[in-house]
Amino acid sequence: MPKALVERQQNIRKPLTDLGVANLLFYCDNDDCMSYLLQLGLKDRIDLVYIDPPFHSGERYFHRIDNHSDVAFADVWRSHEYLGMMRSRLGNIWGLLAPTGSIFVHLDWHALHYVKVIMDEIFGPENFRNEIIVKRGRRKNLQYQFKSLDRMHNAFDSILWYSKSKDAKFPLPLVEQSSKSKWMGFWSNVNRPTMRYEIFGYTPERGQWKWSKERAFLAIANYGLYEKEFSSRMSLEEYWELSGRKVEFIRKRNNVKYAEYWIPPKTHKILDNIWLDIEAYNYSTGYPTEKHEQLLERIINLFSRPGNIVADFFCGSGTTLVVAQRLERHWIGCDSSPTAMSVTKKRLGNTKFRLVTL
Ligand SMILES: C[S@@+](CC[C@H](N)C(=O)[O-])C[C@H]1O[C@@H](n2cnc3c(N)ncnc32)[C@H](O)[C@@H]1O
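Residues numbered from 1 in each chain as written. Predicted model: local features only at pLDDT ≥ 70, side-chain atom pairs only at ≥ 80, totals over all residues. Heavy atoms only, no water.

## Describing the sheet that holds strand β1 (residues 23–27)
Using the following cut-off: DSSP-based pairing: two strands are paired if at least 2 bridges between them are found. Here a strand is any run of E in DSSP of at least two residues, a helix any run of H or I of at least four, and the numbering for each starts at the N terminus. In what follows, a contact means two residues having at least one pair of non-hydrogen atoms within 4.5 Å. In this analysis, axes come from line fits to C-alpha atoms, helices being fitted only over the stretch in contact, and the angle between any two N-to-C directions falls in the range 0 to 180 degrees.
Read across the sheet, nine strands follow the order β15-β6-β7-β5-β2-β16-β17-β1-β18 without closing on themselves; strand pairing throughout is mixed. With partners counted over all chains shown, the strands left at the sheet margins are β15 (274–275) and β18 (354–357), one partner each. Helix α8 (residues 319–326) rests against β1, β2 (46–51), β16 (309–312) and β17 (330–335) of the sheet, and its axis sits at about 170° to β17.

Below, the structure written as C-alpha cells:
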C-alpha cells in the first residue's frame, strides 16, 4: 500500500471501525476506493448501495452552469471495457455489502440486460428482487416530425434490485396515498364451489363470494347493527373509526341479486415496481444526469434504517449522500470527476465528512 494511503488509513480507521461517525467522500477511481474499504475491514458492512453508473450511452456529459460548460464525464466505451468495468465494481460491492444488504443499480436499455447477467453471476439469480421502472429525464419524444420510425421513443430507466442473501426480508414498501371508502360487488369470478352460499336469498351458480361464509355473515350482521342503532347519528366511516377500524360490512345491493362489501378508506398503498409517481431526474445543480432526491429518499427510507451505512460509488453531484445525511444514515460516496467533486462538496455544505483522495 502506498505511504500516503497508509497514513490516511490510520486517520480514518477509527471512525470506520466504530461505524459511529463515518461519512467518507472519495475522490478517485471507485475500484481503488472499494479495494481500500475492503482493506480497512469493511467487508460485509455496507447496508445499502445505490449506483447510477454510466449507462454505456456513447455520449459525453457536460456540467452547464451560468453560460459555462465543462465535461463532467465521458460515457464512451468499447462494450467489453464497459462490462469489465462493471464486473469488477459489482464484485467489490458484493464483498462490501452486509448479508442483510441490498444494491440498486440504475441503468437504461443500453446495458441493462448485460449487467443483469453479470449481477446474476455475482449476486446469484435467487437474489434478484425486482426491476424497478422509473421516469426518464426531460427527453421529449421528437418523433412527431418523422413519417416513419425505426424504433419507439425510450421513456423509462430501470433499476435492478438485488439482495446479498435470499433470506433477507424487507418491511412493506408503503407510500402515502389516500383513497376514499367505497362499496364493491361481493361476487368474484374465481370458481370455488365451496365459497358459494346463500346471501340475501341468492346463491351464485358459478364464481364465488369473496369471503368465507362465517366472515360474510358477521359482516352482514355488522352492517345491520350499524343501520339499526347508529346510522341516524353517524356515517359508516365514523362508526368504523369508532369501532377500532376493524369491523367489516356487507349489505344488499339495490335492484341486484349480488351483495356488496365495504372497502375502508386508505392512507397508504403498497408499492409495486413501477415508480412513475415520483421523479427520477432533477436539474438543480447543472450536473448532467443528476438524479432526483425523491428517488433516493424512497430507496433509502424503504431499504435502510437510521444509523446504517449507505454507499454510492458513482455519486456524481452527490444526490445519494445529501439524502442519506438528511435521513440520518452514514454515507460513503466516490467519484473520479473533478466537476462531480466540486458540485458534491458545495451541495454537502456544512455536513461533516472526511475527504479521501487516493
Ligand atoms: C450518471 S453519473 C451519476 C449521477 C448521480 N447519481 C447524481 O445524482 O448526480 C455517473 C458518475 O459516475 C462517475 N464515474 C464513472 N466512472 C467512474 C469510476 N471508475 N470511478 C468513480 N466514478 C466514476 C462519473 O464521473 C459520473 O459522475
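Once the structure has been displayed, the description carries forward.
## A short note on a nonpolar patch on the surface
Heads up, the rule is: Here a patch means residues that are over 30% exposed by relative accessible area and free of salt bridges, tied together within 9 Å if like-charged and within 5 Å if nonpolar (Val, Leu, Ile, Met, Phe, Trp, Tyr). Accessibility throughout is a Shrake-Rupley quantity obtained with a 1.4 Å probe, and a residue counts as covered only by protein chains that appear here. Here, a salt bridge means any Lys or Arg side-chain nitrogen found within 4 Å of an Asp or Glu carboxyl oxygen.
Together, Leu 172, Leu 174 and Ile 270 give the surface a local cluster of nonpolar side chains, amounting to about 300 Å² of exposed area. Locating Leu 172 in the fold gives a position in the loop between β7 (156–163) and β8 (174–179).

## A few points about the nonpolar core
Here is the rule: Only buried residues count toward a nonpolar core. Its members are Ala, Val, Leu, Ile, Met, Phe, Trp, Tyr and Cys residues joined through side-chain atoms within 4.5 Å. Exposure classes here rest on a 1.4 Å probe applied to the protein chains alone. A residue is buried below 20% of its type maximum, exposed above 50%, and partly exposed in between.
One finds Phe 26, Leu 37, Ile 103, Leu 295, Phe 313 and Ile 332 to be the most contacted residues of the largest nonpolar core, which totals 68 residues. Setting aside residues no more than four positions away along its own chain, Ile 103 makes contact with Val 49, Leu 90, Ile 93, Leu 97, Met 119, Phe 123, Leu 160, Trp 161 and Tyr 162. By size, the runner-up hydrophobic cluster in this structure holds 13 residues, among which are Trp 187, Tyr 197, Ile 199 and Ala 216.

## So, the packing of aromatic side chains
The cut-off we apply is this: A pair of Phe, Tyr and Trp rings is counted when the ring centres sit within 6.5 Å of each other, with Trp represented by its six-membered ring. The angle between the planes then sorts it: under 30 degrees is stacked, over 60 is edge-to-face, the rest tilted.
For the coordinates displayed, the defined rule picks out 29 aromatic pairs. For the pair Trp 183 and Tyr 223, a centre-to-centre distance of 5.4 Å together with 85° between the ring planes defines the contact as edge-to-face. Taken together, the residues span a long stretch of sequence, with Trp 183 in strand β9 (residues 182–185) and Tyr 223 in helix α5 (residues 213–230) at a distance of 40 residues. Judged by relative accessible area, Tyr 223 falls into the buried class, the value being 12%. Aromatic pair Phe 249 and Trp 262: ring centres 5.6 Å apart, planes at 70°, arrangement edge-to-face. Of this pair, Phe 249 sits in the loop between α6 (236–242) and β12 (250–252) while Trp 262 sits in strand β13 (residues 259–263), and the two are 13 residues apart along the sequence.

## Examining the site of the ligand
What counts, and what does not: In these notes, residues near a molecule or strand are those with any non-hydrogen atom within 4 Å of it. Whenever two N or O atoms come within 3.5 Å, that pair is a polar contact, provided that in protein one can donate a hydrogen and the other can accept it, and provided that, for residues adjacent in sequence, both atoms are side-chain atoms. Only Asp, Glu, Lys and Arg are considered charged, only Ala, Val, Leu, Ile, Met, Phe, Trp, Tyr, Cys and Pro nonpolar, and every remaining residue, Gly among them, polar.
For the ligand, the set of nearby residues contains 20 residues, the closest of which are Asp 52, Tyr 287, Ser 317, Thr 319 and Asp 335. Interatomic distance of 2.6 Å between a side-chain N/O atom of Tyr 287 and an oxygen atom of the ligand. Asp 335 has a polar side-chain atom sitting 2.6 Å from an oxygen atom of the ligand. Split into classes, the residues belonging to the shell around the ligand amount to seven nonpolar, seven polar and six charged.

## Brief notes about the environment of Ile 332
As for its placement among the helices and strands, Ile 332 is situated in strand β17. Ile 332 sits in the buried class, given a relative accessible area of 2%. With 309 residues separating them along the chain, Ile 332 and Asn 23 place their C-alpha atoms 5.7 Å apart. Contact partners of Ile 332, with chain neighbours within four places excluded, come to Leu 24, Phe 26, Leu 37, Leu 42, Ile 46, Ile 309, Val 310, Ala 311, Asp 312, Phe 313 and Leu 321.

## Side note on the sheet that holds β13
Ordered by their spatial adjacency, three strands build an open sheet running β9-β13-β12, and the pairing between neighbours is antiparallel. The open sheet has two free edges, formed respectively by β9 and β12, since each of these has just one partner strand. On average, each strand axis in the sheet is inclined to that of its neighbour by 40°, with strand direction left out of account. Pairing between β12 and β13: three bridges, direction antiparallel. Looking across to β13, one finds that Arg 251 is bridged to Glu 260. Along the sheet, α5 makes contact with β9 and β12, crossing β12 at roughly 70°.

## Some details on helix α9 (residues 338–348)
Of all the positions in α9, only Thr 339, Ala 340, Met 341, Val 343, Thr 344, Arg 347 and Leu 348 are classed as buried. At the N-terminal boundary of α9, the capping side chain belongs to Ser 337, with an oxygen 3.2 Å from the backbone nitrogen of Thr 339. Of the residues trailing α9, Gly 349 is marked for its positive phi of about 55°.

## Looking at the domain arrangement of the protein chain
A common way to report how large an interface is uses the accessible area buried once the components associate. As a reminder of what qualifies: An automatic or database domain assignment is the source of the domain bounds shown.
When the domains of the protein chain are assigned, the result is domain 1 (3–174 + 271–357) and domain 2 (181–264). In this structure, domain 1 and domain 2 have C-alpha centres spaced 49 Å apart.

## A word on the confidence of the model for the protein chain
Basically, it comes down to this: Per residue, pLDDT captures the predictor's confidence, and it can take any value from 0 to 100.
Overall, the predicted model of the protein chain reaches an average pLDDT of 91, with 94% of residues at or above 70. Note that residues 1–14 has pLDDT below 50 and, in this model, 18 contacts with residues that lie over four places away or in other chains.

## Re the pattern of salt bridges
Evaluated as defined, the whole model comprises 19 salt bridges. With its nearest N and O atoms 3.0 Å apart, the salt bridge here joins Glu 279 to Lys 135. A residue pair is termed long-range when its members are at least 10 positions apart, and Glu 279 in the loop between β15 and α7 (293–303) and Lys 135 in strand β6 (residues 128–135) qualify at 144 residues. If you follow the salt bridges from partner to partner, you end up with Glu 290, Glu 293, Glu 297, Arg 326 and Arg 347 in one network.

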